[in-house]
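Geometric and topological summary
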Amino acid sequence: LGQGGNPQIADDPQILPKSRHKLELQASKDGYVYSIDTMRVGLASQHSGAGRETKEDKIDLSAGIYFREKLGNKVKRGQVIAEVYGNDDKRVQKALDELRNAVKISEDKPHIPNLIKKIIK
């Protein structure tokens, strides 16, 4: 709110502008989503137009990445893992290329640590 955002978007994401381009990251083989390199996901998001490389860059409010699968999920070859959105087809392709390097599929199921380590009373 302090930066001029619309808080209603949290309840109704349809308010956001629609992108002209969408590309899908598909699983290259059967297995498990074994790792996701969050640094590369951030770069992919920036490439899509959702972030800035310099302070002069404009942010595309329709750009970004939506993950359909999460760490540890079993996937089949060709299954959509994530979707990349944006208005510049070259930027969306660059983001998808970066995202391909961020997500690793393995035959082995990864160990997923608990998010809550301990409850202190």
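Note that the structure is predicted; figures quoted are calculated from it, not measured. Residue positions within a chain follow its written sequence, with the count starting from 1. Owing to the predicted nature of the model, reporting of local features is limited to residues with pLDDT of at least 70; listing and counting of side-chain atom pairs is limited to 80 or more, with chain, interface and lining totals taken over all residues. Each side-chain value is worked out from all heavy atoms of the structure, with water and hydrogens disregarded.

1. Remarks on the overall build of the chain
Heads up, the rule is: Strands are runs of DSSP state E lasting at least 2 residues, helices are runs of H or I lasting at least 4, and numbering of each runs from the N terminus. Accessibility here uses a 1.4 Å probe with only protein chains present; expressed as a share of the type maximum, an area under 20% marks a residue as buried, one over 50% as exposed, and anything in between as partly exposed. The contact criterion used is simple: two residues touch if any of their non-hydrogen atoms lie within 4.5 Å. Residue-level accessible areas treat just the shown protein chains as cover; the underlying method is Shrake-Rupley with a 1.4 Å probe. Positive: Lys, Arg. Negative: Asp, Glu. His and the chain ends are not part of the count. A charged residue contributes its charge at one atom only: NZ of Lys, CZ of Arg, CG of Asp or CD of Glu.
A count of helices and strands for the chain gives two helices and six strands. The N-to-C order of helical and strand elements in the chain reads β-β-α-β-β-β-α-β. Seen through its C-alpha atoms, the chain measures out along the principal axes to roughly 45 × 40 × 30 Å. The 121 residues of the chain split such that 29% are buried. For the chain, the share of sequence-separated contacts (at least 6 apart) that also reach a separation of at least 24 residues comes to 72%. Accessible surface, the chain as shown: approximately 9,000 Å² in total, 49% of it carbon and sulfur. The centroid of the 22 positive side-chain charges in the chain is displaced by 5 Å from the centroid of its 17 negative side-chain charges.

2. Thoughts on the environment of Arg 68
Definition in use: What qualifies as a polar contact is a pair of N or O atoms within 3.5 Å, subject to a donor-acceptor requirement within protein and to the restriction that residues adjacent in sequence count only when both atoms come from side chains.
Among the structural elements, Arg 68 can be located in the loop between β3 (64-67) and β4 (74-75). Taking relative accessible area as the criterion, Arg 68 reaches 48% and is therefore assigned partly exposed. Put simply, Arg 68 and Leu 96 are 28 residues apart on the chain and 14 Å apart in space, counted from C-alpha to C-alpha. Once residues lying within four places of it in the same chain are set aside, the contact partners of Arg 68 are Val 80, Ile 81, Ala 82 and Glu 83. Of the polar contacts made by the side chain of Arg 68, one reaches the side chain of Glu 83; its length is 2.7 Å.

3. Observations regarding helix α2 (residues 89-102)
To keep it simple, the criterion reads: Expected helix span is taken as 1.5 Å per residue step, with the number of steps being one fewer than the number of residues. Here the arc refers to the directions that run from the helix axis out to each C-beta atom.
Taking 1.5 Å per residue as the helical rise, α2 with its 14 residues ought to reach 20 Å, and the 20 Å between its terminal C-alpha atoms agrees with that figure. If you check which residues of α2 are buried, you get Val 92, Ala 95, Leu 96, Glu 98, Leu 99 and Ala 102. Buried positions in α2, seen along its axis, are confined to an arc of 165° and lie on one side of it. The inward-facing, buried residues of α2 abut β1 (21-26), β2 (31-36), α1 (38-50), β3, β5 (80-86) and β6 (103-106). If you check the start of α2, you find a side-chain oxygen 2.9 Å away from the backbone N of Lys 90, and it comes from Asp 88.

4. Description of the side chain of Glu 98
With respect to the element layout, Glu 98 can be found in helix α2. Apart from the residues within four sequence positions on either side, Glu 98 is in contact with Arg 40, Leu 43, Ala 44 and His 47.

5. So, the sheet that holds β1
The cut-off we apply is this: When DSSP locates at least two bridges between a pair of strands, those strands are taken to pair. A fitted line through C-alpha atoms serves as each axis, taken over the contacting stretch for helices, and the angle formed by two N-to-C directions is quoted from 0 to 180°.
Pairing within the open sheet is antiparallel, and its three strands lie in the order β1-β5-β3. Of all strands in the sheet, those with a lone pairing partner are β1 and β3, marking the two edges. Each adjacent strand pair in this sheet contributes to an overall mean axis angle of 20°, direction not counted. Across the sheet, α1 is in contact with β3 and β5; its angle to β3 comes to roughly 130°. On the sheet, α2 packs against β1, β3 and β5 and is oriented at approximately 15° with respect to β1.

6. Focus on the sheet that holds β2
Strand pairing within a sheet occurs via backbone hydrogen bonds; the two strands may be parallel or antiparallel. Ordered in space as β4-β2-β6, the three strands form an open sheet in which the pairing is antiparallel. The strands lining the two open edges of the sheet, one partner per strand, are β4 and β6. Direction of pairing for β2 relative to β4: antiparallel, over a ladder of two bridges. The residue of β4 that forms the bridge with Gly 31 is Val 75. Contacting β2 and β6, α2 runs over the sheet at an angle of about 45° to β6.

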